[in-house]
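Below are the chains, spelled out letter by letter.
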Amino acid sequence: MSVHVVGNCLMVGDRTPHQARRVGDDTWVVSYLRGRMFTTEQAVAAMQAADTVALMDDLAARVGLTALEAIGLAVNERPWEKALPRFGRYAR
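Residues numbered from 1 in each chain as written. Predicted model: local features only at pLDDT ≥ 70, side-chain atom pairs only at ≥ 80, totals over all residues. Heavy atoms only, no water.

Caption draft 1: A look at helix 1 (residues 40–62). For helix 1, built from 23 residues, the straight-helix expectation of 33 Å at 1.5 Å per residue is met to within 8% by its first-to-last C-alpha distance of 34 Å. Here helix 1 has its buried residues at Ala43, Ala46, Met47, Ala50, Asp51 and Ala60. For helix 1, the elements touching its buried residues are strand 1 (3–6), strand 2 (10–13), strand 3 (19–24), strand 4 (27–30) and helix 2 (67–76). Of the residues flanking the end of helix 1, it is glycine 64, one or two places downstream, whose phi is positive at about 75°. (Helix = DSSP H or I, 4+ residues; strand = E, 2+ residues; numbered from the N terminus. Expected span 1.5 Å × (residues − 1). Buried < 20%, exposed > 50% of the residue type's maximum accessible area, 1.4 Å probe, protein only. Contact = heavy atoms within 4.5 Å.)

Next comes the structure, spelled out in structure tokens:
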């Protein structure tokens, strides 16, 4: 998963169809964030986010969820309590 700059004017990702286009000195627009302008660093982050969403779609589908469902559950559900190891010299 990576972002590639093509001809110093276009950014593409490995997994997403979204793109970022250079519109000026260190100014980019991103296809899914219309009407906003970004620095190169911000445009790269936006493209990485889009690539991550594409990866999440694939992973979530493997367990019968959408990406939004998987993210929502991972954020909102409490993890199991961590059990302390019961071995070695600290065992009771």
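Caption draft 2: Inspection of the pairing of strand 2 at higher detail. Relative to strand 2, strand 1 is paired through 4 bridges, and the arrangement is antiparallel. In the strand pairing of strand 2, valine 5 is matched with methionine 11. Linking two consecutive strands that pair antiparallel, namely strand 1 and strand 2, is a turn of 3 residues; a positive phi of about 60° is found at glycine 7 within it. Note: strand 2 against strand 3, 3 bridges, orientation antiparallel. By the bridge assignment, methionine 11 is partnered in strand 3 with alanine 20. Joining the antiparallel neighbours strand 2 and strand 3 is a turn of 5 residues. (Pairing = 2+ DSSP bridges.)

Caption draft 3: Quick look at the sheet that holds strand 3. Here we have 4 strands laid out as an open sheet, ordered 1-2-3-4, and antiparallel in their pairing. Of all strands in the sheet, those with a lone pairing partner are strand 1 and strand 4, marking the two edges. Averaged over all neighbouring strand pairs, the angle between strand axes comes to 25°, with direction disregarded. Relative to strand 4, strand 3 runs antiparallel, the two sharing 4 bridges. The partner of glycine 24 across the bridge, within strand 4, is threonine 27. Along the sheet, helix 1 makes contact with strand 1, strand 2, strand 3 and strand 4, crossing strand 2 at roughly 25°. (Axes fitted to C-alpha atoms, helices over the stretch in contact; angles between N-to-C directions.)

Everything listed is a geometric property; what it means functionally is a separate question.
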